[in-house]
Amino acid sequence: MNYTETLHWMFAQLPMFQRQGKTAFKKDLTNSIALSKHLNYPEKKFKSVHVAGTNGKGSTSHMIGSILQEAGYKVGLYTSPHLKDFRERIKINGKEIKKMDVIHFIKKNKSFLEENKLSFFEMTVGLAFDCFAKQKVDIAIIEVGLGGRLDSTNIITPEVSVITNIGLDHTQFLGETLPEIAFEKAGIIKKEIPVVIGEYQEEVFSVFKKIAGKNNSKLFLASENIKKSYKTDLKGTYQINNIKTAIQALEILKANGFKISEDTIKSGLLKIVQNTGLLGRWQTLKKEPKVICDTGHNKEGLHYVFSQLKEAVFGKLHIVLGVVNDKDLDSILPLFPKNAMYYFCKPNIPRGLDAKKLQRECLKFELKGNTYVSVDIAYKYALKNAGSNDLIFIGGSTFVVAEVV
């Protein structure tokens, strides 16, 4: 199989959560443990940082990775989902793994993967760990896919576990309340391994404290401990919390023997996009009219996005909006501005919500606009209608942003 055929085969192995939704979610680690054994335990061959959380885990992972690269380490970075190419999920020093790495891994392990009915996500984690071990990375930053306790990545014993924050997202898998979701994410806390909590949230902090206590894990609260402020090339104001979380995790790595200077931290934070290739975080796509996209897609993420929009100066606001079909619209639509012109569209995945349905739901919240057959056409019409002083915002889903970056 060539690269494209290999990816088609992978995507077809049990529905993939990002594309299909609930049917793809698997509730145990049996397959991940079996694959690890089959691959001769690659995750035991490199040091790691494990990052979970409802929002900010991707940005935080890229920050830590960028700073460690600046410090001269060979850094593996595993994140999800990808925006353009599958290989964005697995990078070493900011470079995507080779297409041949993907082809060879699947070819070599195909019969095992088929016999054990591994999901797309399980085999992707195995591929990442196998590549990091073979390439002899000094450390890998591993972002949790979904939740924590039962996530395929949760077979590592990291140097430090990181939980950015807790919000109501993926409630159909993780629980209906913040403490239930916190319990799932706290599943990455390991015996005697320090844990960083990014933000203090009264409803859930006791959950982390209890589980850290049970595991004899020292708990660090980044929002309290890190007083210094830093500049970053990531433009969203919401990155302030992520910076503190990343710095706290790096302090622990320093205590564990990693050499990271203050200058390295400063330069690493200013070169995140250059070092890691991160996309879609308050990203400017065009200057006139100004076009901004952001992957924020839940209540907490969108709250930050619209706070940032309020600070921008522009004539009219145009919003290209698409969502997935399991999104709790009643929790997010009240956040959207009523004084914008909307361009409703469906992201090009099976899980995308029909644009007409989205338009009907939005009308209940006085959000008005037309529907378009694709994200691309919605964007084209927004560009056609916008004056040079106007602002176009594109978002609502990672998969909408993926079609424009």
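Reading the values: rules and limits
- Once a new chain begins, its residue numbering starts again from 1 and follows that chain's sequence as written.
- Local features in this predicted model are restricted to residues of pLDDT 70 or higher, and side-chain atom pairs are both shown and tallied only at a pLDDT of 80 or more, whereas totals for entire chains, interfaces and linings draw on every residue.
- Side-chain numbers here rest on the full set of heavy atoms in the structure, without hydrogens or water.
- Three exposure classes are used, based on accessible area relative to the maximum for each residue type with a 1.4 Å probe and protein chains only: buried under 20%, partly exposed in between, and exposed over 50%.
- Numbering of helices and strands runs from the N terminus, with a helix taken as a DSSP run of H or I at least four residues long and a strand as a DSSP run of E at least two residues long.
- Relevant arc is that of directions from the helix axis to the C-beta atoms, nothing else.
- Any two strands are treated as partners once DSSP identifies two or more bridges connecting them.
- Axis definition: a line fitted to C-alpha atoms, limited for helices to the stretch in contact. Angles are taken between N-to-C directions and run from 0 to 180 degrees.
- Residues are treated as being in contact if the distance between any of their heavy atoms lies within 4.5 Å.
- Here a cavity denotes a set of grid points, spaced 1 Å apart and computed over the protein atoms alone, in which a 1.4 Å probe fits but from which it cannot get out, and a pocket denotes an open set meeting protein on both sides within 12 Å along at least five of seven lines; residues with an atom within 4 Å of a point are reported as lining.
- Grid points are joined across faces, edges and corners, and a volume is the space filled by probe spheres set on the points.
- Side-chain classes are defined by residue name, with Ala, Val, Leu, Ile, Met, Phe, Trp, Tyr, Cys and Pro counting as nonpolar, Asp, Glu, Lys and Arg as charged, and the others, Gly among them, as polar.
- Relative orientations are named as follows: roughly parallel for angles under 35 degrees, roughly antiparallel for angles over 145 degrees, roughly perpendicular for angles from 65 to 115 degrees, and oblique for any other angle.
- Note on convention: the crossing is left-handed when the near helix lies turned anticlockwise from the far helix by less than a right angle, right-handed when the turn is clockwise.

**Student:** A description of helix α12 (residues 262-270) should follow, citing residues and the corresponding values.
**Tutor:** Those residues of α12 that sit buried are T264, I265, G268 and L269. Down the axis of α12, the sector holding all buried residues measures 125°, keeping them to one side.

**Student:** How would you sum up the sheet that holds strand β10 (residues 290-293)? Please name residues and give values.
**Tutor:** Paired through their backbone hydrogen bonds, the strands of a sheet run either parallel or antiparallel. Spatially, six strands are ordered β9-β10-β14-β11-β12-β13 in an open sheet, and the strand pairing comes out mixed. The open sheet has two edge strands, β9 (283-286) and β13 (369-371), and neither has a second partner. Neighbouring strand axes in the sheet, compared pairwise and without regard to direction, differ in orientation by 20° on average. Pairing analysis gives five bridges linking strand β11 (residues 317-321) to strand β12 (residues 340-344), with the strands arranged parallel. Bridging from a neighbouring strand, I319 pairs with Y342 of β12. Helix-sheet contacts for helix α16 (residues 355-363) involve β11, β12 and β13, and the interaxial angle to β13 is about 160°.

**Student:** Can you break down empty space enclosed by the protein residue by residue, with the values?
**Tutor:** Tallied over the full model, the rule gives two cavities of 30 Å³ or more. Reported here for the second largest cavity is a volume of approximately 60 Å³. Looking at the second largest cavity, the residues that line it are S32, L35, S36, L39, P42, E43, E122, V125, G126, F129 and I155. Secondary-structure elements contributing two or more residues to the lining of the second largest cavity are α3 (30-38) and α6 (120-134). In terms of residue count, α6 provides more of the lining of the second largest cavity than any other element does, four residues in total. Taken together, the residues that form the lining of the second largest cavity break down as six nonpolar, three polar and two charged.

**Student:** Provide a residue-level description of the packing of helix α1 (residues 3-12) against helix α5 (residues 99-115), including the pertinent values.
**Tutor:** Remark: α1 packs on α5, axes separated minimally by 10 Å, with the N-to-C direction vectors making an angle of 40°. It follows that α1 is oblique to α5 by the angle criterion. Classified by chirality, the crossing of α5 by α1 is left-handed. Each of Y3, T6, L7, W9 and M10 in α1 lies in contact with α5, whose residues at this interface are K99, V102, I103, I106, K110, L113 and E114.

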